[in-house]
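# Fold and contact review
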Amino acid sequence: MSHVVVDQEEVPYVKTKAKLEDAILQGRIKQAARSCKELNASVHADGLYYLNSSRGVLYQTFCDMTTAGGGWTLVASVHENNMYGKCTLGDRWSNQQGSDPNRPDGEGTWANTVTFGTAESSTSDDYKNPGYYDIAAQDVSVWHVPNNIDLEQWSATSILRYHTENHFLNLYGGNLFYLFKKFPVRFGLGACITDNGPAIPIVYDTGNVDYNKNLYEISTPGFIAFRVFNTERAAMALCSGVKPTGCHIEHFCIGGGGHFPEAIPRQCGDFTRWSASKEITEAAVLLFYR
Amino acid sequence: MSHVVVDQEEVPYVKTKAKLEDAILQGRIKQAARSCKELNASVHADGLYYLNSSRGVLYQTFCDMTTAGGGWTLVASVHENNMYGKCTLGDRWSNQQGSDPNRPDGEGTWANTVTFGTAESSTSDDYKNPGYYDIAAQDVSVWHVPNNIDLEQWSATSILRYHTENHFLNLYGGNLFYLFKKFPVRFGLGACITDNGPAIPIVYDTGNVDYNKNLYEISTPGFIAFRVFNTERAAMALCSGVKPTGCHIEHFCIGGGGHFPEAIPRQCGDFTRWSASKEITEAAVLLFYR
Amino acid sequence: MSHVVVDQEEVPYVKTKAKLEDAILQGRIKQAARSCKELNASVHADGLYYLNSSRGVLYQTFCDMTTAGGGWTLVASVHENNMYGKCTLGDRWSNQQGSDPNRPDGEGTWANTVTFGTAESSTSDDYKNPGYYDIAAQDVSVWHVPNNIDLEQWSATSILRYHTENHFLNLYGGNLFYLFKKFPVRFGLGACITDNGPAIPIVYDTGNVDYNKNLYEISTPGFIAFRVFNTERAAMALCSGVKPTGCHIEHFCIGGGGHFPEAIPRQCGDFTRWSASKEITEAAVLLFYR
């Protein structure tokens, strides 16, 4: 059960029956509920909840208490605010200062502790909370929710929802922050196919393998793939629903490092350049942990 | 009276005398004070207060407990950080990526749930809190406060303050978020005069109809007008103190969609291009609900 | 000792033994711990703590409870996200819209109440909390921490740490916000050397006067200097570890106003242009008060 934990060593005068008010007076709160999974025993409704990181940072996010047993914590969303802008303002998951070989990691968002946005507006803007790097998780869940949809309708309006079940994050440090420390989303670090990161099989919750079948000549459906390179050695963070089998991954992967050498550039940005339907490019990608 | 409400259905084990600490442990707080108006019975001093949205988002803002009976909640401020920049960084109420017909809504701020800034710095930067889209209000109040003024001096230093009294928001969904859903601030959606949104009569609290009389050839004083178009079908969000009677509204209206076709452009931005005094252009526009 | 203070005058019905929940219900919290120094009597571990500003703004930051008696509050960090960008996005401590004589103060960050970032990510992004303008302090402490280091390792990995001991802030309003009100970081306001602000002697905690000895032809080590001008009358906010004795200060000072007239420009930005080692330019500058 969730309960307040006040570090007794650091705060000697707090009695065993420490009250929250004492803890706040003290300036430090250590509350047990570190993820929606921990809340799962006592809470059963989807919605916004307060969580507390291991360092004592209190934040609020959306919990999915329904899908496959519930306990999923929303930790991030990737929202494209301008399909015509190529690495411009708002491309926090790639580069906001143009395609630039001098910034091979771009914003570095996939592997740092910078946070932004709110859960409530995560279909209208990028979002990243402390859970992204703090929660010790085993699996991910991904929702593609049309832009500007209210949170009460996220689940019902999603055009694609899926999750992993094989506890793959156990192998990569417990969350995407540590996974991307191992597999940096950095231009030039590797070659396509041979140096790609892990590709994990998925279970569909809404939609199925048909949603992007026009891409099957260059990918295999039924996966989520991490840190992949294209022909020009540009790095992308995440391919949603498919595992690349070729090099033209910019057509269906999102996020990225800071440089896309392809001429002009036409590819740089949070949503690099989807050949998928407008339905997909105008939906935010919400990332959950459990 | 304000009191903590813990949803009994969702949280079965919480007893009737639920304490705040239980509610926080639970990860969810539902507190009754949703606006400064609700606080009005027990609180009488202007200042910063914590409010709680209907979705349980806790936030802090400034309450005006004085004007015309008090109970006004600060929900937003429009601050121009660069009169020389035309739709550049900081133009969150119009477009931060240049005048662009591909982004007819610009940032979309008037009708989405993205929030930014703090109450305390709302005369030094743009501000928008959850109250903007959450509070069920009837009237608006507007303060023009010189840039960088401390909140204790806002009221005394304002160059213009007024409010509506006819409960017009009852007709438009209860706040500006819903009003602008009905009247999108989008380039090209309509023509000047004929397609403008509502213009509501105002009562002056500081200043009077004379403050922008140099504009009276193209407008009528004593109103606040919403979603108006200019000659080139560019949309602006709000005309403060006047109702346009002509098409050159860019001279006295603020906020806007993402495109201003007029050549160069000279008009794009949060403060499009005021012909009013420098006193007006160097003051933030604070928006309150009641 | 820290305790909740509910203003009795404003909130008449709250009893003497006011509980935190009442205070929150009331919408206003006035908590005594306004700085890490005030927590110092009961708390002895470095880490993240909640503080409360004089206006009742609750925020969280890092307390250094170790150095020279402890009680140091982290109030800001200056982080260079792009040494190749000259006054581009992320240069919040100078100008994010290019070198521009029309914006002589640039963002105005050194002397306004705008806040951004989080304590936890202050080696990966800029940071400024309400303590910067709220705390009544006497001295400053500065840490140069390599980018992207976790807070548990900040102290051990710092390449330079020092503090002042002469209570100089007593003369300048009690913090840097007020110091920079007196000495605006504004292009063109003065000439190099003659119009510089105060230079305060420092005590080294990590490192010593040798760290930037390659600069000693144009500066004196063992100081922190504030608001200095270069040859072209560009203003910089802070010279870390040295006092300028010449005019080419852009080589070792940080922050700044909005315009650097030197051709091209090569100098504009949070880290103007350090001739110091890459070690220095790739470290965030953390500012503490006590």
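Computed from a prediction, not measured in an experiment: that's the story for all the values here. (Residues numbered from 1 in each chain as written. Chains lettered and ligands numbered in written order. Predicted model: local features only at pLDDT ≥ 70, side-chain atom pairs only at ≥ 80, totals over all residues. Heavy atoms only, no water.)

## Describing the overall build of chain A
The helix and strand inventory of chain A stands at 6 helices and 12 strands. Here chain A holds 290 residues, and the buried ones make up 62% of them. In chain A, once contacts between residues fewer than 6 apart in sequence are set aside, the share between residues at least 24 apart is 61%. A total accessible area of about 10,100 Å² is found for chain A, and carbon and sulfur atoms account for 51% of it. (Helix = DSSP H or I, 4+ residues; strand = E, 2+ residues; numbered from the N terminus. Buried < 20%, exposed > 50% of the residue type's maximum accessible area, 1.4 Å probe, protein only. Contact = heavy atoms within 4.5 Å. Areas by Shrake-Rupley, 256 points an atom, 1.4 Å probe, with all protein chains shown as cover.)

## Here's the deal with the sheet that holds strand E10 (residues 235-244) of chain B
Residue and element names in this part refer to chain B. Strand order in the open sheet formed by 4 strands is E7-E9-E10-E11, and the pairing between neighbours is antiparallel. The two strands at the open ends of the sheet, each matched to only one other strand, are strand E7 (199-201) and strand E11 (253-254). Here E10 pairs with E11 via 2 bridges, running antiparallel. Within E11, the position partnered with Leu238 by the bridge is Ile254. (Pairing = 2+ DSSP bridges.)

## With respect to the side chain of Arg55(B)
Note on placement: Arg55(B) falls in the loop between strand E1 (47-52) and strand E2 (58-64). Polar side-chain contacts of Arg55(B) include one of 2.7 Å to the side chain of Glu152(A). Discounting chain neighbours no more than four positions away, the residues touching Arg55(B) are Leu48(A), Glu120(A), Asp150(A), Leu151(A), Glu152(A) and Tyr133(B). (Polar contact = N/O pair within 3.5 Å; in protein donor to acceptor, adjacent residues only side chain to side chain.)

## Looking at the sheet that holds strand E7 (residues 199-201) of chain C
Two orientations exist for strands paired in a sheet by backbone hydrogen bonds: parallel and antiparallel. All names here are of chain C. On the basis of which strands lie adjacent, the open sheet formed by 4 strands has the order E7-E9-E10-E11 and antiparallel pairing. Only two strands of the sheet have a single partner each, and these edge strands are E7 and strand E11 (253-254). Relative to strand E10 (residues 235-244), strand E9 (residues 219-229) runs antiparallel, the two sharing 9 bridges. Bridging from a neighbouring strand, Val228 pairs with Met236 of E10.

## Regarding the pairing of strand E1 (residues 47-52) of chain A
Residues and elements named next belong to chain A. Buried residues dominate E1, accounting for 6 of its 6 residues. Note that E1 and strand E2 (residues 58-64) share 6 bridges and pair antiparallel. Bridging from a neighbouring strand, Tyr49 pairs with Thr61 of E2. Hairpin connection, E1 to E2: the antiparallel pair is bridged by 5 residues, and Gly56 has positive phi, about 90°.

## Observations regarding the state of the cysteines
Evaluation of the coordinates by the stated rule reveals 12 disulfides over all chains. Residue Cys192(B) pairs covalently with Cys247(B) via a disulfide, S to S 1.9 Å. Across the S-S bond linking Cys192(B) and Cys247(B), the dihedral sits near 60°, which makes this disulfide right-handed. Placement of Cys192(B) in the loop between helix H5 (176-182) and E7 and of Cys247(B) in the loop between E10 and E11 is noted, with a sequence separation of 55 residues between them. The same class applies to Cys192(B) and to Cys247(B), which are both buried. The disulfide bridge from Cys239(C) ends at Cys253(C), spanning 2.0 Å between sulfur atoms. For the disulfide bridge between Cys239(C) and Cys253(C), the dihedral angle about the S-S bond is near 95°, and by the sign convention the bridge is right-handed. Placement of Cys239(C) in strand E10 and of Cys253(C) in strand E11 is noted, with a sequence separation of 14 residues between them. Classification of Cys239(C) by relative accessible area gives buried; the value is 0%. Taking relative accessible area as the criterion, Cys253(C) reaches 0% and is therefore assigned buried. If you count the bonded cysteines of chain A from the N-terminus, they pair up as 1-2, 3-8, 4-6, 5-7. (Disulfide = S-S within 2.5 Å.)

## Overview of the pattern of salt bridges
Per the stated rule, a full pass over the model turns up 23 salt bridges over all chains. Salt-bridge contacts for Arg55(A) lead to Glu152(C); the nearest nitrogen and oxygen are separated by 2.8 Å. Here Arg55(A), found in the loop between E1 and E2, pairs with Glu152(C), found in the loop between strand E5 (140-146) and helix H4 (154-157), and the two come from separate chains. Residue classification places Glu152(C) among the partly exposed residues on the basis of a relative accessible area of 46%. (Salt bridge = Lys/Arg side-chain N within 4 Å of Asp/Glu carboxyl O.)

## A look at the confidence of the model for chain A
With 84% of its residues at a pLDDT of 70 or more, chain A shows a mean pLDDT of 85. Under a pLDDT of 50 for its full length, residues 1-23 of chain A has, in the predicted model, 42 contacts with residues more than four places off or in other chains. (pLDDT = per-residue confidence, 0-100.)

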